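Inside the fold
Take a look at the letters that make up each chain.
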Amino acid sequence: MCSPEEAALLRLEEVFSATLARINSFVLQPLLEAAPEPSDPWGRECLQLLQQLHRSSQQLWEVTEESLHSLQERLRHPDSISLESLLLLHSADHVLQVHLEYIESYTSCVAVQAFQKAVKRRSEYWQGQRKALQQFLSGMSSEGSVGTALVQALRQPLTHHVQHCMLLLLSLRDAVGESHPTRELLVHAATVFGNLQSFMRQELDQAMATQALWHTLSSRLRDVLCTPAHRLLQDSQDIPVTVTPLRAERVLLFDDALVLLQGHSVHTFDLKLVWVEPGQDGCMFHLLTPEEEFSLCSKDPQGRVAWQWKVTQAVCQTLRGKKDFPVLGAGLEPSEPPICRCGAYTFRAEGRFSQATYEGEWYGGRPHGKGTLKWPDGRNHVGDFCQGLEHGFGIRLVPQASEDKFDCYKCHWREGSMCGYGICEYSTSEVYKGYFQEGLRHGFGVLESTPQTPQPCRYTGHWERGQRSGYGVQDDGDRGERYIGMWQADQRHGRGVVVTQAGVCYQGTFQADKMVGPGILLSEDDSLYEGTFTRDLTFVGKGKVTFPNGFTLEGSFGSGAGRGLHTQGVLDTAALPPDPGSTRKRQLGLGVFPVESRWQGVYGPFQDFVQAGCPGDLQEALLGFHVQSSRELRKSQEYLCCERTHPEDHAGRMEDILEELLQHRAPEALQQCLRKALSNSLHPLGKLLRTLMLTFQATYSGIGANKHLQGLAQEEVKQHAQELWAAYRGLLQVALQCKGQAPEEDQDAETRDLQVHRLMLPLVLPSFYSELFTLYLLLHEREDSLYSQGIANLSLFPDTKLLEFLDVQKHLWPLKDLTLTTNQRYSLVRDECFLSATECLQKMITTVDPREKLEVLERTYREIEATVSRMLGQEHKLPMDDLLPLLVYVVSRAQIQHLGAEIHLIRDMMAPIHTGGLYDFLLTALESCYEHIQKEDMRLHRLPSR
């Protein structure tokens, strides 16, 4: 059998369904159907609200009909249909949602007086319906307004239905007993309707209070504030508060905004971006917003508590994006708003952010975290913020008014300005990669224009407050020259070297971008001029020319249009021919640009990184980041992004790097560890090496491939190896400190040099070898040419003839190693004697490591001695008189190209510890062979075979 409570529920649903049907037909449809289309925005807004109310009323009627049907089925078939089949029980949450939508639509209409405005548009029609309304709505007076009557007509049935539904569900819960299977469903449904009753009461009260508020405001303020979504939560006219330091006659707290009124001015604060802080005393609390900080002061602590609680709960509700249920502050989520939030805000106050819209993360009223700034003029900034300022990595686009182009900055920022490493693309097609300070280029950087620009240019060097200053290298594409030297205030200033595409070199002093005082000029034919010059390196004034043949011309020089170069002076033809090395091998820049300070702008950021303890979050700012290609640069400008290989992992990666250094301190393991680090573009040492490679190529490749710069280049490579070793030592000390271990003692100069040449230089040299060896080739080109001719001549000899020609004693000839074929004589055998030594020496060109080249030379010497000992049948140590001709033979058969360049590079890069030792002795012997072979051409002319 069905219980009396179920029968009562059935009757309740029947009455409510009929009432809803009457409301739709008698109230809502007339409000919508016969009303003319409003012409004003407010009228259209009210019409849309009424249409939404009609739709939600229809949905409420439909769910009521479903509930009624389930009750009817239960009463007809109580034995076969269980209590659980009732819609109010198994779908209580769905029923709740439909009621909430109806309440929201209804209260929105109430808050903006939509019923009164709709009735006013058809006042005659509704006056005629007054009697019918009185019959429909009990208690309506004849003097009351029709709009108010309509509000009551929609409110009373709903309030009555929810209240009685809750009471009947509670009675049914008590009737079924504790063990009934539907008891939990009944408890839940009763709770739902109880909460719905509380929620509805609050919403109706807020809507009525909001409606009453509009009558107390001027029409201007009403037009600004009156929206369907606004619900008044607190009014300073009810609980007085004052605002300091701002001025406000009245304070209004809505469910989504805090409003300060002063005369006709309205100051609105979005609650999503309002932070509540406890006050200093019992009557005050503090509020933070993106641009304002102010306090609300009440007359007593009770007033402060009421306002602070209401504001806090309203902020929480706004951040959650839905109304608290059943009442404000009763949600299950935390009742304290988070200090970190996401939101959007347009700045109004004067300043850098004026009129800009920020969207992203906030902390305590300030942009903090990741966000986006957009200005009305087209500027955009995407990146990291800290306490209201750009801080960390960010990308900024700055439009150029003249054309539809942008300047794009991908940089690290500190406290609102660019600071640290950045990559900047300009609308002029220039690209800058380097360091900034306070928004200006500062430190090391490279500024390069594309070859298609009218004046192609590339500067690699140091900057100071946005200007080229200090040591730098600049290519001038139009003039076909490269300047290497000092700068000041964006001009060449101080000592400098100019290298031209034609091979001419100038060294002198510059002031304000002009050559001043005397200088020297080395021409391609090895002529030397000492004197003064014009901008075009033309001789002018007093000077002296030394020609390659030793002649000198000293006097006054000048030039004029159509006259060419003219001079008055003395030509001296009696001078002795100069030493070939005096002019041809003269080196520029040595002692002029101290090698240890030349690229301090590259070393400095790494040293700062180490001194700071190698923090992962500063690695990009101090050591730079890598962008794969120019295509990615263009993409990052277009889409405001920059692929930087997971910068958030830098902290963890640095921990791994430091740990790896600690685990590989033994010499062999250390060299492998350093090789791995230097080859990794993401490792701090690898980043430093790649930047040094960039400076080396900018200086010594292309136009800079000039023999007179070889000295500069080779001392630079050594310095880089020392700096990289110092960088490794710095990282190691940080690793030890992180582990709480005692730091290693500083190395003395001798130990450091030994480690640099043994461990670091062999790993670093391959990165610079191409440009460096080219300079050695150019410097020793003439000797290598004579050497090549001597090799070509000696290669014509069979083995025994060559041994005889070189005065090798016959008992040292390795004839036992020769295997003759039929009709073959010893005198015809070629390239067979000392073959193992020859093949060994040829391996010298397979490595760039000077130590490995010396080891090849030592093995070659051992092979020669072993061959001789085998011929003599006993161990034999070769004296220099016997070794030298044998070594000449092996060198001539090995036919190593550019042996002079190889020898001098080995000599310059050899570790000081080998000076005076076996390696030094063998290298000296090789040098003697090299010089001997250059002179063989003259001896060959005396031989009958020639």
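Thresholds, definitions, all that
Residues numbered from 1 in each chain as written. Predicted model: local features only at pLDDT ≥ 70, side-chain atom pairs only at ≥ 80, totals over all residues. Heavy atoms only, no water. Helix = DSSP H or I, 4+ residues; strand = E, 2+ residues; numbered from the N terminus. Buried < 20%, exposed > 50% of the residue type's maximum accessible area, 1.4 Å probe, protein only. Contact = heavy atoms within 4.5 Å. Areas by Shrake-Rupley, 256 points an atom, 1.4 Å probe, with all protein chains shown as cover. Axes fitted to C-alpha atoms, helices over the stretch in contact; angles between N-to-C directions. Parallel < 35°, antiparallel > 145°, perpendicular 65-115°, else oblique. Left-handed = near helix turned anticlockwise from the far one by under 90°. Pairing = 2+ DSSP bridges. Core = buried A, V, L, I, M, F, W, Y, C linked by side-chain atoms within 4.5 Å. Domains from an automatic or database assignment. pLDDT = per-residue confidence, 0-100. Expected span 1.5 Å × (residues − 1). Polar contact = N/O pair within 3.5 Å; in protein donor to acceptor, adjacent residues only side chain to side chain. Disulfide = S-S within 2.5 Å. Phe/Tyr/Trp six-rings, centres within 6.5 Å; stacked < 30°, edge-to-face > 60°. Patch = residues over 30% accessible without salt bridge, like charges linked within 9 Å, V, L, I, M, F, W, Y side chains within 5 Å. Salt bridge = Lys/Arg side-chain N within 4 Å of Asp/Glu carboxyl O.

1. Section: the overall build of the protein chain
In terms of helices and strands, the protein chain carries 29 helices and 27 strands. The 946 residues of the protein chain split such that 49% are buried. Here the contacts in the protein chain between residues at least 6 apart in sequence split such that 52% fall between residues at least 24 apart. Of the roughly 44500 Å² that the protein chain leaves accessible, carbon and sulfur atoms contribute 50%.

2. Details of the packing of helix 27 (residues 899-909) against helix 28 (residues 918-934)
Closest axis-to-axis distance for the helix 27/helix 28 pair is 10 Å, and the angle between their directions is 155 degrees. The orientation of helix 27 with respect to helix 28, classified from their angle, is roughly antiparallel. Crossing geometry of helix 27 relative to helix 28 is assigned as left-handed. Touching Leu899, Gly900, Ile903, Ile906 and Arg907 of helix 27 are Asp920, Leu923, Thr924, Leu926, Glu927 and Tyr930, all from helix 28.

3. Brief notes about the sheet that holds strand 3 (residues 250-254)
With antiparallel pairing, 4 strands are arranged side by side in an open sheet as 1-3-4-5. At either margin of the open sheet sits one strand with a lone partner, and together these are strand 1 (232-235) and strand 5 (265-270). Along the sheet, successive strands turn relative to each other by an average axial angle of 20 degrees, direction set aside. In the sheet, strand 1 pairs with strand 3 via 3 bridges, with the strands oriented antiparallel. In the sheet register, leucine 232 faces strand 3, and the bridge partner there is phenylalanine 254. On the sheet, helix 9 (residues 183-215) packs against strand 1 and strand 3 and is oriented at approximately 55 degrees with respect to strand 1.

4. Re the nonpolar core
Counting 73 residues, the largest nonpolar core has Leu685 and Leu772 as the members making the most contacts within it. For this core, the two domains that each supply at least three residues are domain 3 (595-636 + 653-746) and domain 4 (776-817 + 827-940). Residues within four places of leucine 772 in sequence aside, it is in contact with Phe696, Ala713, Gln714, Val717, Leu765, Leu905 and Met909. One finds Leu49, Cys165, Leu217 and Leu232 within the second-largest nonpolar core, a separate group that totals 72 residues.

5. As for the side chain of threonine 860
Within the secondary structure, threonine 860 sits in helix 25 (residues 850-872). Judged by its relative accessible area of 0%, threonine 860 falls in the buried class.

6. Looking at the confidence of the model for the protein chain
Averaged over all residues, the pLDDT of the protein chain is 87; the fraction at 70 or higher stands at 89%. Note on residues 633-643: pLDDT is under 50 here. Beyond four places in sequence and across chains, it has 28 contacts. This model gives residues 941-946 a pLDDT under 50, and the stretch forms 6 contacts once residues within four places in sequence are excluded.

7. Remarks on helix 21 (residues 749-779)
Under the 1.5 Å per step criterion, the end-to-end length of helix 21 is only 31 Å for 31 residues, more than 12% shorter than the ideal 45 Å. Structurally, the start of helix 21 carries an N-cap: the backbone nitrogen of glutamate 750 is 3.1 Å from a side-chain oxygen of aspartate 748.

8. Thoughts on the state of the cysteines
Evaluation of the coordinates by the stated rule reveals 0 disulfides. You can see cysteine 614 has no disulfide; the closest cysteine sulfur is in cysteine 738, sitting 7.4 Å from it. A relative accessible area of 5% places cysteine 614 in the buried class.

9. Things to note about the packing of aromatic side chains
Applying the stated criterion across every chain, the model contains 35 aromatic pairs. Here tryptophan 275 and tryptophan 362 contribute two aromatic rings whose centre-to-centre distance is 6.5 Å and whose plane-to-plane angle is 40 degrees, an arrangement assigned as tilted. Taken together, the residues tryptophan 275 in strand 6 (residues 275-277) and tryptophan 362 in strand 10 (residues 357-363) connect sequence positions 87 residues apart. Take tryptophan 275: its relative accessible area is 4%, and that puts it in the buried class. Centre to centre, the rings of tyrosine 471 and tryptophan 599 are 5.1 Å apart; their planes meet at 85 degrees, and the pair counts as edge-to-face. Linking tyrosine 471 in strand 19 (residues 467-476) with tryptophan 599 in the loop between helix 13 (595-598) and helix 14 (600-611), this pair joins segments that are 128 residues apart in sequence. Taking the relative accessible area as the measure of exposure, tryptophan 599 reaches 0% and is therefore buried.

10. As for helix 14
Three or four residues apart is the spacing at which side chains of an α-helix point the same way, because the helix has 3.6 residues per turn. Across its 12 residues, helix 14 extends 16 Å between first and last C-alpha, which sits within 8% of the 16 Å expected from 1.5 Å per residue. For helix 14, the set of buried residues is Gly601, Val602, Tyr603, Gly604, Pro605, Phe606, Phe609 and Val610. Among the residues trailing helix 14, glycine 613 stands out with phi positive, at a value near 90 degrees.

11. Describing the pairing of strand 5
Pairing of strand 4 (residues 257-262) with strand 5 involves 6 bridges; the strand directions are antiparallel. Directly across from glutamine 262, in strand 5, lies its bridge partner serine 265. Between strand 4 and strand 5, which pair antiparallel one after the other, the connecting turn spans 2 residues, and glycine 263 there sits at a positive phi close to 65 degrees.

12. Some thoughts on the sheet that holds strand 2 (residues 241-244)
With antiparallel pairing, 4 strands are arranged side by side in an open sheet as 2-8-7-6. In this open sheet, the two edge strands, each paired with only one partner strand, are strand 2 and strand 6. Along the sheet, successive strands turn relative to each other by an average axial angle of 25 degrees, direction set aside. Taken together, the 4 bridges between strand 2 and strand 8 (residues 293-298) define a ladder with antiparallel strand orientation. Note that in strand 8 the partner of threonine 242 across the bridge is cysteine 297. On the sheet, helix 11 (residues 301-320) packs against strand 2, strand 6, strand 7 (284-288) and strand 8 and is oriented at approximately 25 degrees with respect to strand 7.

13. Quick look at unusual backbone geometry
For the bond from threonine 244 to proline 245, the omega torsion is 0 degrees, close enough to zero to count as cis. Here the bond from phenylalanine 325 into proline 326 is cis, since omega is 10 degrees, no more than 30 degrees from zero. Mapped onto the fold, proline 326 is located in the loop between helix 11 and strand 9 (340-346). Look at glutamate 438: it is not a glycine, yet its phi comes out positive at around 55 degrees. Within the secondary structure, glutamate 438 is located in the loop between strand 16 (430-437) and strand 17 (440-449). According to the relative accessible area criterion, glutamate 438 is exposed, its value standing at 52%.

14. Focus on a nonpolar patch on the surface
A cluster of nonpolar residues, Met880, Leu918 and Phe921, forms a patch on the protein surface that exposes about 220 Å² of accessible area. Relative to the helices and strands, leucine 918 is located in helix 28.

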